[in-house]
Amino acid sequence: MINPAPAISPPPGIGDEKPGNQAVLDWVHEVELLTQPENIFWCDGSERENDFLISESLKQKVLIKLNDEKVPRSYLHRSNPNDVARVEQFTFICTPTKAEAGPTNNWSEPTETYAKLHGLLKGAMRGRTMFVVPYIMGPADSPLTKIGFEITDSTYVVLSMRIMTRMGDIALKRLGRDPKAEWNRGVHSLLDVNPERRFICHFPQDNAIISVGSGYGGNVLLSKKCLALRIGSYLARKQGWLAEHMLILGVESPAGKKHYVAAAFPSACGKTNFAMLIPPKHFAGWKVTTVGDDIAWMQIREGRLWAVNPENGYFGVVPGTSCKSNPNAMKSISHDTLFTNVALTEDGNVWWEGKDGTPPPHAIDWRGNDWTPELNGKAAHPNSRFATPMRNNPVLDPHVEDGKGVPISAIIFGGRRSDTMPLVFQAFDWEHGTYIGSTMASETTAAATGAVGHVRRDPMAMLPFCGYNIGDYFRHWLEIGKRLSNPPLIFHVNWFRKSADGKFLWPGFGDNMRVLEWIIERCEGRGGAAESAIGYIPRAQDLDLDELSSISAEQIQELLSVNAHEWQAELAGHAEFFDSLGGVVPGELLGQREKLAKRLAG
Ligand code: GTP
Ligand code: SPV
Ligand code: MN
């Protein structure tokens, strides 16, 4: 077998500064005894360390340097072609009982799972360097902030964690010397990057994660889906807050009034794009700013929900990103960016489907093979990604480092639905909104392995990320609502409804501002709507559609319509989903389904 991560030998002064906390030292020693690495590299997050790791990764061909004039200080990584997305079928929640993991998670018994994984990890880092990455999730001064340590044998993981988290000394300072301090233990090894030995396992009761056999994104950047969502949601329920798969954006009107909204869309369904939205010309004076593009941690203060983004960077979908669809993302990734699985042009630039300009006559595709536009294959993998620091975002919100977070006026659920779901509608109240979130559905995307384009229920966009029983999660949402004297209003959007000839009805992207403005108006007690069976829906005259010539009045009607046949099927889908959960759904939500059925029956 070719060793995918040969050891590196740092010069003195790099990788040798141990933390002062004995509990961490003990744990690292245990993992060292198990995995038997050639050496241990203690990461401090410094520039010098980063430069060294980049130079070693270039030597080992883990990274390819891009043209420094076209994309300064940026690199391309190609993952193993068998390892290009999250693997939900190999993701496990290893709570003491199966009931705690609930009907939507793969469960495996913790003692047996530790034994199996320790078997796989035994000697796994022979001839390799074991990196210890200290990091925090959340602003330095937030009460929600969590400390994590990730042990990994991949330099790509270390370099990505430096972008995606606040990494290094900042975490050691926060940890201090207290042996009882709380921190997450993450162990990652590439092993031989074999899908048959690929497991992403969570032990929420131990605040621990073990991931083996992958080198890709959400499988291995243990801060992100594993800690911030799966373990995070488990802790959030115990501690009375919410850990959600949501973007957070700020929206300021020309009069200077600012609101924050959080939105849960499933993977590859538009969070990053919405979080960086540039309003169309017609909305001169409106401004959208980004707090986060993927994860929101929210707590109750003074009867409201306040949100922080635990991350430090964006791990975003590349294909489709252009100056037309998302200019702020294009600026963000124009320098200091780590690309994964995009195509490489002859002049050392990056290329992907949907980028501005004409395709290059020749490139190297994401697998490392020759590519020309005449070939039918994709140049970039559909789930190719960028990792870029949030500091690169020209519309980064000024409150992103604010430990108390930002107050949330609206929560938006949304999915990729070619039919049934109107462009936007508003829940009657929190309980109804929780029902809408709990029955959400979306077409599957390339962000996870498996079939793409089939509609599945994905409650609150958390199906792959809820670290405990989904019934208890729904109950937690209902409980949070009861504690809020000033709850956010809840909405559902669908940018992806299609006409009979299979084309998107709504232009999307910047024009989503038109929907966002209506949402803000509703939050301010203004904004017209018609009451329908499914919630409040704007009439065409309630939306600002000026200067939107690309779309006809009939299309608007279709976008805002509730089709009785489709909604009967939808209602049946809700029942089927709730039934499939085997009795864990709270009575309030079953009651909401009955009420919806009555309203639809008219
Ligand atoms: P994750 O990082 O996987 O959680 O994805 P995400 O929810 O951040 O999705 P992202 O914004 O990266 O968008 C995913 C895909 O949807 C991209 O190909 C976008 O171009 C496309 N997309 C985003 N917003 C819109 C929209 O308003 N309309 C249409 N038609 N496509 C959109
Ligand atoms: C998602 O799939 O929702 C992502 C990408 O944000 S990954 O980090 O791979 O999970
Ligand atoms: Mn995501």
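Please refer to the structure higher up on the page.
Presented here is a report on the structure given in the accompanying data block.

Here's the deal with helix α4 (residues 110–121)
Phase 1 of the analysis: Along its 12 residues, α4 runs 16 Å from first to last C-alpha, staying within 8% of the 16 Å computed at 1.5 Å per residue.
Phase 2 of the analysis: Those residues of α4 not exposed but buried are Pro110, Thr113, Leu117 and Leu121. Across the axial projection of α4, the buried residues extend over an arc of 70°, all falling on one side. Along α4, exposed side chains directed more than 90 degrees from the buried face belong to Thr111, Glu112 and Ala115.
Phase 3 of the analysis: On the buried face of α4, the contacting elements are α1 (22–35), β9 (184–189), β10 (199–203) and β11 (208–212).
Phase 4 of the analysis: For α4, the N-terminal cap is Glu109; the gap from its side-chain oxygen to the backbone nitrogen of Thr111 is 3.1 Å.

Describing the nonpolar core
Phase 1 of the analysis: By size, the foremost hydrophobic cluster in this structure holds 150 residues, and its most contacted members are Phe274, Met298, Phe339, Ile408 and Ile411.
Phase 2 of the analysis: Looking at this core element by element, the count peaks at eight residues for helix α8 (residues 223–239).
Phase 3 of the analysis: The residues contacting Ile408, other than those within four sequence positions of it, are Ile248, Tyr260, Val261, Ala262, Met298, Arg304, Leu305, Ala307 and Pro488.
Phase 4 of the analysis: Judged by nonpolar contacts, the second largest core, of 30 residues, contains Trp42, Ala171, Leu175 and Phe203.

A closer look at the site of ligand 2
Phase 1 of the analysis: What surrounds ligand 2 is the set Arg86, Gly217, Gly218, Lys224, Lys225, His245, Ser267, Asp294, Phe315, Arg385, Ala447 and Phe465.
Phase 2 of the analysis: Within the side chain of Arg86, one N or O atom sits 2.9 Å away from an oxygen atom of ligand 2.
Phase 3 of the analysis: When ligand 2 sits alone it has 280 Å² of accessible area, and the protein chains cover 98% of it.
Phase 4 of the analysis: Among the elements of the structure, α7 (217–220) and α8 are those that each provide at least two residues to the shell around ligand 2.
Phase 5 of the analysis: Across the shell around ligand 2, the residue classes tally to three nonpolar, four polar and five charged.

As for the coordination of the manganese ion (ligand 3)
Phase 1 of the analysis: For the manganese ion (ligand 3), the protein coordination sphere consists of Lys225 (NZ), His245 (NE2) and Asp294 (OD), at 2.1 to 2.4 Å.
Phase 2 of the analysis: Bound by six donor atoms, the manganese ion (ligand 3) shows angles of 74 to 175° at the metal and therefore octahedral coordination geometry.
Phase 3 of the analysis: Coordination of the manganese ion (ligand 3) draws on donor residues from a single chain, spaced K-x19-H-x48-D in sequence. Separated by 20 residues along the polypeptide, Lys225 in helix α8 and His245 in the loop between β12 (242–244) and β13 (247–252) bring together distant segments of the chain. His245 carries the same exposure label as Lys225, and that label is buried.

Digging into the site of ligand 1
Phase 1 of the analysis: Within the structure, ligand 1 sits among 21 residues, and Ala268, Lys271, Thr272, Asn273 and Arg385 are positioned closest to it.
Phase 2 of the analysis: Between Ala268 and ligand 1, the recorded distance is 2.7 Å, taken from a backbone N or O atom to an oxygen atom.
Phase 3 of the analysis: The separation between an oxygen atom of ligand 1 and a polar side-chain atom of Asp294 is 3.1 Å.
Phase 4 of the analysis: Burial of ligand 1 by the surrounding chains reaches 90%, relative to a free accessible area of 660 Å².
Phase 5 of the analysis: Counting only elements with at least two residues in the shell around ligand 1, the list comes to α9 (271–275) and β18 (313–317).

Comments concerning the sheet that holds strand β21 (residues 350–351)
Phase 1 of the analysis: In space, the four strands of this open sheet follow the order β21-β20-β22-β23, with antiparallel pairing throughout. One side of each edge strand has no neighbouring strand; the edge strands of this open sheet are β21 and β23 (370–371).
Phase 2 of the analysis: With two bridges connecting them, strand β22 (residues 363–364) and β23 associate as antiparallel partners. Looking at β23, one finds that Ile364 is bridged to Asp370.

Overview of the packing of aromatic side chains
Phase 1 of the analysis: For the structure shown, the criterion picks out 24 aromatic pairs.
Phase 2 of the analysis: Each ring, one from Phe92 and one from Phe199, has its centre 6.4 Å from the other, and the planes form 50°; the classification is tilted. Of this pair, Phe92 sits in strand β4 (residues 91–93) while Phe199 sits in strand β10; the two residues are 107 residues apart in sequence, bridging distant segments of the chain. Just as Phe92 is buried, Phe199 falls in that class too.

Concerning the environment of Gly502
Phase 1 of the analysis: Turning to its location among the elements, Gly502 is positioned in the loop between β29 (489–493) and α13 (513–523).
Phase 2 of the analysis: The exposure class assigned to Gly502 is partly exposed, which follows from its relative accessible area of 43%.
Phase 3 of the analysis: When the C-alpha atoms of Gly502 and Val424 are compared, they prove to be 20 Å apart, with 78 residues separating the residues in sequence.

So, the packing of helix α15 (residues 564–580) against helix α16 (residues 587–601)
Phase 1 of the analysis: Relative orientation of the contacting elements α15 and α16 amounts to 165°, with a least axis distance of 11 Å. Comparing their axes, α16 and α15 come out roughly antiparallel. The crossing of α15 and α16 is left-handed. In contact with Trp567, Gln568, Leu571, Ala572, His574, Ala575 and Phe578 of α15, α16 contributes Leu589, Leu590, Arg593, Leu596, Ala597 and Leu600.

Some details on the sheet that holds strand β2 (residues 64–65)
Phase 1 of the analysis: Taken in spatial order, the five strands of this open sheet run β2-β3-β19-β24-β18, and their pairing is mixed. Looking at strand neighbours, the two that pair on one side only are β2 and β18, the edges of this open sheet.
Phase 2 of the analysis: In the sheet, strand β3 (residues 75–77) pairs with strand β19 (residues 338–340) via three bridges, with the strands oriented parallel. When the bridges of β19 are listed, Leu76 appears paired with Phe339.

A closer look at the pattern of salt bridges
Between side chains of opposite charge, pairing is possible as soon as their charged atoms come close.
Phase 1 of the analysis: Under the criterion given, the structure shown has 29 salt bridges.
Phase 2 of the analysis: For Lys59, the salt bridge identified is with Glu56, shortest N-O distance 2.9 Å. Placement of the pair is Lys59 and Glu56 together in helix α2 (residues 47–59), with a separation of three residues, close to one helical turn.
Phase 3 of the analysis: A salt bridge links Lys225 to Asp294, with the nearest nitrogen and oxygen atoms 2.7 Å apart. Here Lys225 is found in helix α8, whereas its partner Asp294 is found in the loop between β15 (287–292) and β16 (296–301), with 69 residues between them in sequence. The residues Lys225 and Asp294 share a single accessibility class, namely buried.

Description of the packing of α2 against helix α5 (residues 155–164)
Phase 1 of the analysis: Two elements in contact, α2 and α5, have axes separated by 10 Å at closest approach and are oriented at 145°. The two elements α2 and α5 meet at a crossing, and its hand is left-handed. Along its contact with α2, which presents Glu47, Asn50, Leu53, Ile54 and Ser57, the element α5 presents Thr155, Val158, Leu159 and Arg162.
Phase 2 of the analysis: For the contact of α2 with α5, the class distribution of residues is four nonpolar, three polar and two charged.

Conventions used here
- Each chain carries its own residue numbering, running from 1 in the written order of its sequence.
- Here every chain gets a letter starting at A, and every ligand a number starting at 1, in the order they are written.
- The model is predicted, so local features are restricted to residues of pLDDT at least 70 and side-chain atom pairs to those at 80 or more, both for listing and for counting; the totals for chains, interfaces and linings are taken over all residues.
- Side-chain descriptors were evaluated using all non-hydrogen atoms of the structure, hydrogens and water having been removed beforehand.
- By the criteria applied, helices consist of DSSP H or I runs no shorter than four residues and strands consist of E runs no shorter than two, each listed in order from the N terminus.
- Any helix carries an expected span of 1.5 Å times its number of residues minus one.
- Here the term buried applies to any residue with accessible area under 20% of the maximum for its type, exposed to any over 50%, and partly exposed to those in between, with areas from a 1.4 Å probe on protein chains only.
- For this quantity, the arc is that covered by the directions from the helix axis to the C-beta atoms.
- Any pair of residues with heavy atoms lying within 4.5 Å of one another is described as a contacting pair.
- N or O atoms within 3.5 Å of each other form a polar contact, as long as, within protein, one can give a hydrogen and the other can take it, and as long as residues adjacent in sequence are counted only when both atoms are side-chain atoms.
- Residues belong to one nonpolar core when they are buried, are Ala, Val, Leu, Ile, Met, Phe, Trp, Tyr or Cys, and are joined through side-chain atoms within 4.5 Å.
- Nearness is defined per residue: one heavy atom within 4 Å of the molecule or strand is enough.
- Where accessible areas are quoted, they stem from the Shrake-Rupley method and a 1.4 Å probe; at the residue level, only the protein chains shown are allowed to cover.
- Note that Gly is not counted as nonpolar here; it falls among the polar residues with everything else outside the nonpolar set of Ala, Val, Leu, Ile, Met, Phe, Trp, Tyr, Cys and Pro and the charged set of Asp, Glu, Lys and Arg.
- Coordinating donors are taken to be N, O and S atoms lying within 2.8 Å of the metal, or within 3.2 Å when the metal is Na, K or Ca; because water is excluded from the atom set, some sites may appear incomplete.
- Labels for metal geometry use angle windows, namely 85 to 135 degrees for all angles of a four-donor tetrahedral site, and for square planar (four donors) or octahedral (six donors) sites opposite donors over 155 degrees apart plus all others within 65 to 115; sites meeting none of these are irregular.
- Being paired, for any two strands, means DSSP has found at least two bridges between them.
- A pair of Phe, Tyr and Trp rings is counted when the ring centres sit within 6.5 Å of each other, with Trp represented by its six-membered ring. The angle between the planes then sorts it: under 30 degrees is stacked, over 60 is edge-to-face, the rest tilted.
- With axes taken as lines fitted to C-alpha atoms, and helix axes fitted only over the stretch in contact, angles between N-to-C directions fall between 0 and 180 degrees.
- Roughly parallel covers angles under 35 degrees, roughly antiparallel covers those over 145, roughly perpendicular covers 65 to 115, and oblique covers all other angles.
- By convention, the crossing between two helices is left-handed when the near helix turns anticlockwise from the far helix through less than a right angle, and right-handed when the turn is clockwise.
- Whenever Lys or Arg places a side-chain nitrogen within 4 Å of a carboxyl oxygen from Asp or Glu, that contact is recorded as a salt bridge.

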